[in-house]
Amino acid sequence: MSEQEILNLLKKNKFNAAKELIEALLKSEKENLTYTFYYGLILANERKYSEAISYFEKVLSVDKNHFDSNFNIAGCYQGLLIYDKAIKYYSNCSKINLKNFEPCHQIGICYKQLREYEKSIFYLKKALEITSNAKSYYMLGNVYRENGQFDEAKRCFEKSININKEFTQSKLSLANLEIDNGNYDLATSMLDEITRSNNDDQILISANIMIGQILKSKGEYEEAIKVNQNILEKDSSNIDASYNISQCYLFTKEYEKAWVFNESRYDLQNLVLLKQIYESFNKPKWDLSRPKKNVLFYGEQGIGEQILYSQFFEIIKDQFDNSTIAVNEKLIPFFEKIYPDTKIINYKKIFEYNDYDYHLPMGSMGLYFQKFISYQNLNRKIAYHSSDKVPDKTKILRCGISWKSTNRIFGNKKSIELESLKNILSYDNVEFVNLQYSDETKDINLIEKNLNRKIFIEHQVDCFNDIDGVASLIKSCDFVITVSNSNAHISGKLGIKTFLLLPFNDGKLWYWGLNTDKDIVWYPSILPIRQESVNDWNSCILKLNKEIENYL
């Protein structure tokens, strides 16, 4: 009877009452595995994952093939962001019950969080082979989207809806694909239809989040802020709304508000590494009440953002004693040359490092140090010793060129065709260096054939893996032409004259500013060359040609 009472309470979401009942029962029946298991479930529901695991392990010590204990331990490790152990226990579940698709589905989610997309796709397809279901198609669609495979994503969302016409998450995702493709009117129409036919608060909030994204993508930042503020009035803990507000305020340079809202990012789905690192610390986070010594500053997001946030460190580094910077492994040689008196470590090995008293993520530096950043105090060239991989200059001027972004979701909105630079590539007194970190041999061969000349000088730098080598190439240039990618950040950091080609709104990141901005405060050596309207690269290239003529 007691077991049935527990189940009834759990079904009614009366977890506190169930917890009290189980605690009373365990006092007299400590070895009762059923009560032990249910107590683990309640602890997991309270997000006390480590405690919950210990109760599930008691069950497994007696019955290692207990499916539900394996499955819930996996879920706890997933909650703790320890994905390798989560995958291990979900794999156990797959062996115990070959006909249950859930373990494969969850393994696919774990690999998605790790951004190991091929493995994620494999396991989600395996889940669908076991049971064709709406939620696995939905998750597979999201993996394809993150991997830039938009057509495959669309097919998966449509299959999800065909299985379950009420599966609104897939309807929202189809609208999101239209946002990705810049079809804002169609996306808005789809979202309106969803909100008219649905009364679920979470669905309505998700739809409004996307409406805010559309407004932000169109450059209507004030309206986007209002939409997200309305969401926070109904759901004060909504992470996406808070983060979206921070991005809008960053665009409009209302930094005092922006950095406060930016602190919400720890729980964003696409910043799993940040949360993993943050939750691993057993030392305090630095704030203005702490001494300015023995601080570990650690990177987050991509290589470009880590370079950008180092601009804060550039200004305040002399205020701190014994600082350490943890960044992407590729950046270590580059940062070691820029900051020879600062220890630089791999941010993925931060768990092995202990020589600090306080920690602070680079994305939180603006909260404390924004007042120190200005165009004037960043307007200098950094001393940087080039590697021996840089070829000698053979012409009067050297120009580094980068024309594509490899961002899977919106890289196409930031990229141009190499062919569009043909006028500049025809200058006889300029030699050109290929800074592109993706293989663009096809583009290069085509334009060399059209111009009947070799375009780029030879060099031995692996532009994808060797950031120090890329920095050395850029340092050897008189000027750089690039789209918004990591090369823009490297060039800006080094203070090299840079002509930066930018989309009108969608695909443009906050640190490149508004369309009315004549400069980039974060990198004074960068001159923004902006589109005059959506997808109007022609006007952008015309302005670039004039700027280059004046420069030469």
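Preceding this paragraph is the structure being described.
The sections below set out a description of the structure shown in this document. (Residues numbered from 1 in each chain as written. Predicted model: local features only at pLDDT ≥ 70, side-chain atom pairs only at ≥ 80, totals over all residues. Heavy atoms only, no water.)

A word on the overall build of the protein. Across its full length, the protein carries 26 helices and nine strands. For 552 residues, the compact-globule estimate of 2.2 N^0.38 gives 24 Å, and the C-alpha radius of gyration of the protein, at 26 Å, lies within 12% of that figure. In terms of its C-alpha atoms, the protein occupies a principal-axis envelope of roughly 90 × 55 × 45 Å. The burial tally for the protein puts 54% of its 552 residues in the buried class. In the protein, the proportion of contacts linking residues at least 24 apart, taken out of those at least 6 apart, comes to 63%. (Helix = DSSP H or I, 4+ residues; strand = E, 2+ residues; numbered from the N terminus. Rg over C-alpha atoms; globule rule 2.2 N^0.38 Å. Buried < 20%, exposed > 50% of the residue type's maximum accessible area, 1.4 Å probe, protein only. Contact = heavy atoms within 4.5 Å.)

Of the voids in this model, the second largest pocket is the one considered here, and its volume is about 260 Å³. Surrounding the second largest pocket, 16 residues form its lining, Gly 182, Lys 413, Asp 506, Val 534 and Asn 535 being those nearest its centre. Of the residues that constitute the lining of the second largest pocket, the class distribution is five nonpolar, eight polar and three charged. (1 Å grid on protein atoms, 1.4 Å probe; cavity = no way out; pocket = protein on both sides within 12 Å on 5 of 7 lines; lining within 4 Å. Points joined across faces, edges and corners; volume = space filled by probe spheres on them. Nonpolar A, V, L, I, M, F, W, Y, C, P; charged D, E, K, R; others polar.)

Turning our eyes to something else, we now look at the pairing of strand β1 (residues 295–298). Covered by surrounding structure in β1 are Val 295 and Phe 297 together with Leu 296 and Tyr 298, the residues of both alternating faces. Looking at chain direction, β1 and strand β4 (residues 358–361) are connected through four bridges and run parallel. Note that in β4 the partner of Leu 296 across the bridge is His 359. (Pairing = 2+ DSSP bridges.)

A few words on the packing of aromatic side chains. The final tally for this structure, using the stated rule, is 42 aromatic pairs. Ring geometry for Phe 313 and Tyr 339: centres 5.1 Å apart, planes at 90°, overall edge-to-face. Here Phe 313 is found in helix α18 (residues 303–316), whereas its partner Tyr 339 is found in the loop between α19 (332–338) and β3 (343–346), with 26 residues between them in sequence. The burial state of Phe 313 is the same as that of Tyr 339; both residues are buried. (Phe/Tyr/Trp six-rings, centres within 6.5 Å; stacked < 30°, edge-to-face > 60°.)

Describing two packed helices takes the angle between their axes plus the distance from one axis to the other. Packing of helix α13 (residues 201–217) against helix α14 (residues 221–234) leaves a shortest axis separation of 8 Å and a crossing angle of 165°. For the element pair α13 / α14, the angle class is roughly antiparallel. Between α13 and α14 the crossing geometry is left-handed. Between α13, through Ile 205, Asn 208, Ile 209, Gly 212, Leu 215 and Lys 216, and α14, the contact on the second element is made entirely by Tyr 221, Glu 223, Ala 224, Val 227, Asn 228 and Ile 231. Here the residues of the contact of α13 with α14 sort into seven nonpolar, three polar and two charged. (Axes fitted to C-alpha atoms, helices over the stretch in contact; angles between N-to-C directions. Parallel < 35°, antiparallel > 145°, perpendicular 65-115°, else oblique. Left-handed = near helix turned anticlockwise from the far one by under 90°.)

One covalent bond between the sulfur atoms of two cysteine residues makes up a disulfide. Here the structure, examined in full by the defined rule, presents zero disulfides. No disulfide involves Cys 156; its sulfur sits 16 Å from that of Cys 104, the nearest cysteine. Cys 399 supplies the cysteine sulfur nearest to Cys 477, a cysteine that is in no disulfide, at a spacing of 6.7 Å. On the accessibility criterion, Cys 477 (6% relative accessible area) is buried. (Disulfide = S-S within 2.5 Å.)

Examined against the element boundaries, Lys 285 turns out to sit in the loop between α17 (272–280) and β1. In this structure the side chain of Lys 285 is engaged in a polar contact, spanning 2.8 Å, whose partner is the side chain of Glu 263. Residue contacts for Lys 285: discarding those within four places in its chain leaves Glu 263, Tyr 266, Tyr 278, Arg 290, His 359, Leu 360, Pro 361 and Ser 364. (Polar contact = N/O pair within 3.5 Å; in protein donor to acceptor, adjacent residues only side chain to side chain.)

In this section: helix α15 (residues 239–251). Taking 1.5 Å as the rise per residue, α15 with 13 residues should run 18 Å; its terminal C-alpha atoms sit 19 Å apart, in good agreement. The buried fraction of α15 is high, at eleven of 13 residues. Within α15, the full set of buried residues consists of Ala 241, Ser 242, Tyr 243, Asn 244, Ile 245, Ser 246, Gln 247, Cys 248, Tyr 249, Leu 250 and Phe 251. Residues of α15 that are buried make contact with α13, α14 and α16 (255–262). Measuring from the side-chain oxygen of the N-cap residue of α15 to the backbone nitrogen of Asp 240 gives 3.2 Å; that N-cap residue is Asn 238. Trailing α15 by a residue or two, Lys 253 shows a phi angle of about 65°, which is positive. (Expected span 1.5 Å × (residues − 1).)

What follows deals with the pattern of salt bridges. Two side chains bearing opposite charge may form a pair once their charged atoms approach each other closely. Inspection of the entire model under this criterion finds 24 salt bridges. Among the salt bridges present, the one from Glu 314 reaches Lys 317, with a minimum N-O distance of 3.7 Å. Using a relative accessible area of 9% as the deciding quantity, one classes Glu 314 as buried. Salt-bridge contacts for Asp 478 lead to Lys 393; the nearest nitrogen and oxygen are separated by 2.9 Å. Of the two residues, Asp 478 sits in the loop between α24 (467–475) and β7 (479–483) while Lys 393 sits in the loop between α20 (365–369) and β5 (397–402), which places them 85 residues apart along the sequence. We classify Lys 393 as partly exposed; its relative accessible area is 38%. Each member of the salt-bridge network shares a partner with another, and the members are Glu 263, Arg 265, Lys 285 and Glu 300. (Salt bridge = Lys/Arg side-chain N within 4 Å of Asp/Glu carboxyl O.)

Let's shift gears to the packing of α13 against α15. In the contact formed by α13 and α15, the axes pass within 10 Å of each other and the chain directions differ by 10°. Here α15 runs roughly parallel to α13, going by the angle between their axes. In contact with Ile 209, Gln 213 and Lys 216 of α13, α15 contributes Asp 240, Ala 241, Asn 244, Gln 247 and Cys 248. Its residues placed into classes, the contact of α13 with α15 shows three nonpolar, three polar and two charged.

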